Amino acid sequence: MALVAGMRVGSRVLFRPWAWLPGAALGRKESAARGRVGARGFGSQRVLVEPDPAAGIAVMKLKSPPVNSLSLELLTEFVISLEKLENDKTFRGIILTSDCPGVFSAGLDLMEMCGKNPAHYAEYWKAVQELWLRLYLSNLVLIAAINGACPAGGCLISLTCDYRVLADNPKYVIGLNETLLGIVAPFWFKDTLVNTIGHRTSERALQLGILFPPAEALQVGMVDKVVPEDQVQSTALSVMAQWLSIPDHARQLTKNMMRKATADRLVKQRDSDIQNFVGFISRDSIQKSLQVYLGKLRQKKG
Ligand SMILES: CCCCCCCCCCCC/C=C/CC(=O)SCCNC(=O)CCNC(=O)[C@H](O)C(C)(C)COP(=O)(O)OP(=O)(O)OC[C@H]1O[C@@H](n2cnc3c(N)ncnc32)[C@H](O)[C@@H]1OP(=O)(O)O
């Protein structure tokens, strides 16, 4: 077996880019929970996993009501489920979707970024980085079945997937809307977007914080297919079949070739990226902006 840049070619699991990342190792309890997934569903409180070993795929459903905001707990459970599937050779692909009606994910949990201390912000940001790195460089085919609104961090998660299917509902907007909150998308959010929709469209979308409705999302390439709501899952399954018809080793090496440089940019500066986040989010002006935004979200109801 040849070794290419740390990847063992000839076995199904070609690369585990996170294995050497600081802080990537799971604790003993979590490690013990790993193992073969088998045919029964597994998962955790916030991440449901429905395996189909015969097909070599699993459907992963985010289930953190009301809006799948990416709390520290959800991020942790997400990473654990992902690693379980990555480590089980039965699985070649994951369909990522939501169990919360009308929302794929509301993005990063604003409560994790408001009124906490620097140590908490650092821990939180490290978890956000970790999930992005694992998703972005995953060996598995990832298909996002986007069955709800998909702003900011929710959009980022979908952008790490190899293919995005969006339900045709005008409420299901998608984009990196950070500027609308008075915050700035970090460089690796930006890079992920640029790699998907190109520089000029990203520049406009990021500065204006555009949340694209389905037809526009399709037009700019933010998603690959828009289908009626009741066809999202079946479309994701047929797209998956097409991607799984490609030999794993060739597809995985190609994916790595396309994505590694982008991931490496973050890997090389994880600590400084955490420090930037902590410094930025701790500013009084940023805390005020987030509070105002949260207030508007709550008022919307009343
Ligand atoms: C000098 C340069 C330095 C650069 C350094 C850079 C350093 C980094 C900078 C920081 C970057 C940080 C990046 C952040 C990315 C993000 O993901 S931020 C999150 C953005 N998310 C949003 O804007 C979405 C907000 N939510 C919504 O729009 C809606 O909730 C929805 C469309 C998703 C769903 O609508 P609906 O079904 O009507 O539900 P709601 O009634 O609105 O919400 C229910 C409930 O949930 C609460 N909630 C909603 N979103 C969030 C969230 N993201 N986090 C926490 N909580 C959320 C909402 O307030 C309601 O709560 P209550 O029931 O009222 O208590």
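Calculation criteria
- Residues numbered from 1 in each chain as written.
- Predicted model: local features only at pLDDT ≥ 70, side-chain atom pairs only at ≥ 80, totals over all residues.
- Heavy atoms only, no water.
- Helix = DSSP H or I, 4+ residues; strand = E, 2+ residues; numbered from the N terminus.
- Buried < 20%, exposed > 50% of the residue type's maximum accessible area, 1.4 Å probe, protein only.
- Contact = heavy atoms within 4.5 Å.
- Areas by Shrake-Rupley, 256 points an atom, 1.4 Å probe, with all protein chains shown as cover.
- Salt bridge = Lys/Arg side-chain N within 4 Å of Asp/Glu carboxyl O.
- pLDDT = per-residue confidence, 0-100.

J.: Pulling in residues and values, what's your account of the overall build of the protein chain?
T.: Each helix and strand counted, the protein chain has 11 helices and 12 strands in total. Here the protein chain, with 302 residues, has 54% of them falling under the buried criterion. Of all intrachain contacts in the protein chain linking residues separated by at least 6 positions in sequence, the fraction that spans at least 24 positions is 75%. Surface summary for the protein chain: the accessible area is close to 13,700 Å², and the carbon and sulfur share equals 56%.

J.: Please set out the pattern of salt bridges residue by residue, giving values where relevant.
T.: Where charged atoms from two side chains of opposite charge come close, those side chains can pair. Across all of its chains, the model carries 13 salt bridges by this definition. With a closest N to O distance of 2.5 Å, Arg-46 and Glu-77 form a salt bridge. Placement of the pair is Arg-46 in the loop between strand S3 (42-43) and strand S4 (47-52) and Glu-77 in helix H2 (residues 72-87), with a sequence separation of 31 residues. Each member of the pair, Arg-46 as well as Glu-77, carries the same accessibility label: buried. Arg-92 is the salt-bridge partner of Asp-248, the closest N and O atoms lying 2.9 Å from each other. Of this pair, Asp-248 sits in helix H9 (residues 248-267) while Arg-92 sits in the loop between H2 and strand S6 (93-98), and the two are 156 residues apart along the sequence. By relative accessible area, Asp-248 is classed as buried at 11%.

J.: Give me the confidence of the model for the protein chain: which residues, what numbers.
T.: Scored by pLDDT, the protein chain has a mean of 89; 86% of the residues are at 70 or more. Confidence drops under a pLDDT of 50 for residues 1-35, and excluding neighbours within four residues, the segment shows 65 contacts in the predicted structure. Scoring of the predicted complex yields 0.90 for pTM and 0.97 for ipTM.

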